[in-house]
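Here is what each chain is made of, one letter per residue.
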Amino acid sequence: TQLLEQSPQFLSIQEGENLTVYCNSSSVFSSLQWYRQEPGEGPVLLVTVVTGGEVKKLKRLTFQFGDARKDSSLHITAAQPGDTGLYLCAGEGTDSWGKFQFGAGTQVVVTP
Amino acid sequence: GAGVSQSPRYKVAKRGQDVALRCDPISGHVSLFWYQQALGQGPEFLTYFQNEAQLDKSGLPSDRFFAERPEGSVSTLKIQRTQQEDSAVYLCASTATGLQETQYFGPGTRLLVL
């Protein structure tokens, strides 16, 4: 059972456009991570957010953790074909110890 | 290599066969995780080791699934009497020390049960 809902499931855009993907839950998380996974590979960690309302930037990627620590968003500015991949969010429950629940992911395709 | 490696990368099994999947974590990494990723889904936690101790196996779907890490390095996930619903990618991840650390994932083993 996926406690984290990601939307949209699939997003296809052209190079240079902006996009936002969302990760929502009814549960509160101690921390939330975003990963990117490419075909045939394991997920690669992009960022960890810990504080409600926190915003982190990684080049053209902006990550935000909701004030209530139940949701998060990932915004990509001026997307490039290299941004293509499956974006996964993973939340650490407040009563767990570093055990993360993953969402089903958003498949992003950026065409030249 | 510097990363987490898994073998085999692909495995086809007939229903009822036993399979063994291997994970070589990053050298010196203390913690090791196994995940199952079904098609179109995110990874789901199976089990966690700290050194050789299996501290959490709450995610193992049935008693047909068994994992071990006898010397605190290489780990093996064994699935007995495979079923079609076991078809998935099995991912292994390791962290340097313990919890709340960056997990480094291997490429996974894609298991297909016919």
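I will try to describe carefully the structure that is included in this document. (Residues numbered from 1 in each chain as written. Chains lettered and ligands numbered in written order. Predicted model: local features only at pLDDT ≥ 70, side-chain atom pairs only at ≥ 80, totals over all residues. Heavy atoms only, no water.)

With that out of the way, let us pick up the pattern of salt bridges. According to the stated counting rule, one finds seven salt bridges over all chains in the structure shown. In this structure, the salt-bridge partner of A:Glu38 is A:Arg36, at a minimum N-O distance of 4.0 Å. Note on A:Arg36: relative accessible area 21%, which makes it partly exposed. Between B:Arg64 and B:Asp86 there is a salt bridge, and its shortest N-O distance comes to 2.8 Å. Of this pair, B:Arg64 sits in the loop between β6 (53-56) and β7 (65-68) while B:Asp86 sits in the loop between β8 (75-79) and β9 (88-95); the two residues are 22 residues apart in sequence, bridging distant segments of the chain. Relative accessible area serves as the criterion here: at 2%, B:Asp86 is assigned to the buried category. (Salt bridge = Lys/Arg side-chain N within 4 Å of Asp/Glu carboxyl O. Buried < 20%, exposed > 50% of the residue type's maximum accessible area, 1.4 Å probe, protein only. Helix = DSSP H or I, 4+ residues; strand = E, 2+ residues; numbered from the N terminus.)

Attention now moves to the interface of chain A and chain B. Each partner contributes residues to the interface: chain A has 19 residues there, and chain B has 21 residues. Summed over both partners, the interface of chain A with chain B comes to about 1600 Å²; 51% of that surface belongs to carbon and sulfur atoms. Between chain A and chain B we count one salt bridge in total. Close ionic contact of A:Lys99 with B:Asp56 constitutes a salt bridge, the shortest N to O distance being 3.4 Å. For the interface between chain A and chain B, the tally reads five residue pairs in polar contact (both at pLDDT 80 or more). Examining the composition of the side of chain A that touches chain B, we find that three residues originate from one element, strand β9 (residues 85-93) of chain A, more than from any other. (Contact = heavy atoms within 4.5 Å. Buried area = accessible area lost by both parts, 1.4 Å probe. Polar contact = N/O pair within 3.5 Å; in protein donor to acceptor, adjacent residues only side chain to side chain.)

Right, let's talk about the pairing of strand β11 (residues 109-113) of chain B for a bit. The two faces of a sheet get side chains in turn, since along a regular strand they alternate between them. Residue and element names in this part refer to chain B. On β11, burial follows the alternation: Thr109, Leu111 and Val113 on one face are buried, whereas Arg110 and Leu112 on the facing-out side are not. Alignment of strand β2 (residues 10-13) against β11, held across four bridges, turns out to be parallel. Bridged to Val12 within β11 is Leu112. The sheet contact formed by β9 and β11 spans three bridges and is antiparallel. Counterpart to Tyr90 in the pairing with β11 is Thr109. (Pairing = 2+ DSSP bridges.)

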